[in-house]
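Notes for the structure review
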Amino acid sequence: MYQPNDAVSLYASYSQSFVPTFGSNPGGDTFEPTEGTQYEIGAKADFLDGRLSATLAGYQITRSNITTTDPDDPNFSIQVGEQRSRGVELDIAGEILPGWNLVASYAYTDAIVTEDNDTPEGNRLTNVPEHQVSLWTTYEIQQGDLEGLGFGLGLFYVGERQGDLANSFVLDDYFRTDAALFYRRDQFNAAINFRNLFDIDYFRASDGGDLFLFRGEPFTVTASVEWGF
């Protein structure tokens, strides 16, 4: 990390990971773990005397040693598959005015198959939207008889996603609205949360094929009361 001044920080990171892969190749050798490699660079900045912060990051993640069908014997698999995710993320969070807070984010993701014996190279990965945007903002009254009463609004957009690696069907994009009403005073805290306020019908994910498609939750209300000691 490098900090050219008190308000800006620049950073870079590199990481590796692995997940065990079960099975063996046609020669009887145990599969190597599926490996992941990530590169990331970004910048963080503070605004409004530190009340608001923003982070901009660019990254690339590569998964290798993915099992795919052996072209010489379709009853076996070999580890030649590779997938790559590359994107940009922007996050903004902070208190704009006394009592008014927000968290906003945008993500662009280009997630594709780069090597495979079964799936055409360039196909998009399953359940990964190209564009995703979210905003959550709250306002809490700061003084007077209604001090501690607050309101929240959340807006969430998820773009189209491929339903399988063959890219044979698409899950439509959706726009969901959430809301909240809360009250905080001393040790007392109560809230009512509204999810999917307009009761839209949408699919949030597939199981990797067209057998199971998972619907998003319908209009839902949850309430909570808390007393601290």
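Above this text sits the structure in question.
Residues numbered from 1 in each chain as written. Predicted model: local features only at pLDDT ≥ 70, side-chain atom pairs only at ≥ 80, totals over all residues. Heavy atoms only, no water.

With that out of the way, let us pick up the overall build of the protein. Secondary structure assignment for the protein yields zero helices and 15 strands. For a compact globule of 229 residues, the expected C-alpha radius of gyration is about 17 Å, and the protein comes in at 23 Å, more than 25% above that figure. Seen along its three principal axes, the alpha-carbon backbone of the protein occupies a region of about 75 × 50 × 35 Å. Within the protein, the fraction of its 229 residues that count as buried is 32%. Put simply, of all contacts in the protein between residues at least 6 apart along the chain, 51% involve residues at least 24 apart. Of the roughly 14200 Å² of accessible surface on the protein, a fraction of 55% belongs to carbon and sulfur atoms. Of note, the protein has its 13 positive side-chain charges centred 7 Å away from the centre of its 35 negative side-chain charges. (Helix = DSSP H or I, 4+ residues; strand = E, 2+ residues; numbered from the N terminus. Rg over C-alpha atoms; globule rule 2.2 N^0.38 Å. Buried < 20%, exposed > 50% of the residue type's maximum accessible area, 1.4 Å probe, protein only. Contact = heavy atoms within 4.5 Å. Areas by Shrake-Rupley, 256 points an atom, 1.4 Å probe, with all protein chains shown as cover. Lys, Arg positive; Asp, Glu negative; His and termini not counted. Charge placed at Lys NZ, Arg CZ, Asp CG, Glu CD.)

Quick look at the pairing of strand β13 (residues 203-206) now. Looking down a regular strand, the side chains alternate between one sheet face and the other. When β13 meets strand β14 (residues 213-215), the two strands line up antiparallel, connected through three bridges. Looking at the pairing, alanine 205 lines up with phenylalanine 214 of β14. Two successive antiparallel strands, β13 and β14, enclose a turn made up of six residues, where glycine 208 displays a positive phi of approximately 100°. (Pairing = 2+ DSSP bridges.)

Once that is clear, we can look at the sheet that holds strand β1 (residues 2-5). Within the open sheet, the 11 strands sit side by side as β1-β2-β3-β4-β5-β6-β7-β8-β11-β12-β15. Their pairing is antiparallel. Looking at the sheet topology across the chains shown, the edges are occupied by β1 and β15 (220-227). Averaged over all pairs of adjacent strands, the angle between their axes in this sheet comes to 15°, without regard to strand direction. Pairing geometry for strand β2 (residues 8-19) and strand β3 (residues 34-47), over 12 bridges, is antiparallel. Bridging across to β3, valine 8 finds its partner in alanine 45. (Axes fitted to C-alpha atoms, helices over the stretch in contact; angles between N-to-C directions.)

Another aspect to go through is the packing of aromatic side chains. Evaluation of the coordinates by the stated rule reveals four aromatic pairs. Centroid distance phenylalanine 188 to tryptophan 227: 6.2 Å. Interplanar angle 55°. Geometry classified as tilted. A residue pair is termed long-range when its members are at least 10 positions apart, and phenylalanine 188 in strand β12 (residues 188-195) and tryptophan 227 in strand β15 qualify at 39 residues. Among the aromatic side chains, those forming a connected cluster through ring pairs are Tyr183, Phe188 and Trp227. Directly above the aromatic system of tyrosine 11 lies the positively charged group of lysine 44, at a separation of 5.6 Å from the ring centroid. We note arginine 176 situated over the ring of phenylalanine 156; from NZ or CZ to the ring centre the distance is 4.5 Å. (Phe/Tyr/Trp six-rings, centres within 6.5 Å; stacked < 30°, edge-to-face > 60°. Lys NZ or Arg CZ within 6 Å of the ring centre and 35° of its normal.)

Together, Leu97, Trp100, Tyr139, Phe151, Leu181, Ile192, Leu197, Phe198, Phe219 and Val221 make up an exposed nonpolar region whose accessible area comes to about 900 Å². Mapped onto the fold, tryptophan 100 is located in strand β6 (residues 100-115). (Patch = residues over 30% accessible without salt bridge, like charges linked within 9 Å, V, L, I, M, F, W, Y side chains within 5 Å. Salt bridge = Lys/Arg side-chain N within 4 Å of Asp/Glu carboxyl O.)

On to the pairing of β2. Two elements, β1 and β2, share two bridges in a ladder whose sense is antiparallel. Note that in β2 the partner of tyrosine 2 across the bridge is leucine 10.

To continue, consider the environment of leucine 213. With respect to the helices and strands, leucine 213 occurs in strand β14. Distance in space between the C-alpha atoms of leucine 213 and glutamate 115 is 27 Å, their sequence separation being 98 residues. Apart from residues no more than four positions distant in its own chain, leucine 213 is found in contact with Phe169, Leu171, Phe203, Ala205 and Ser206.

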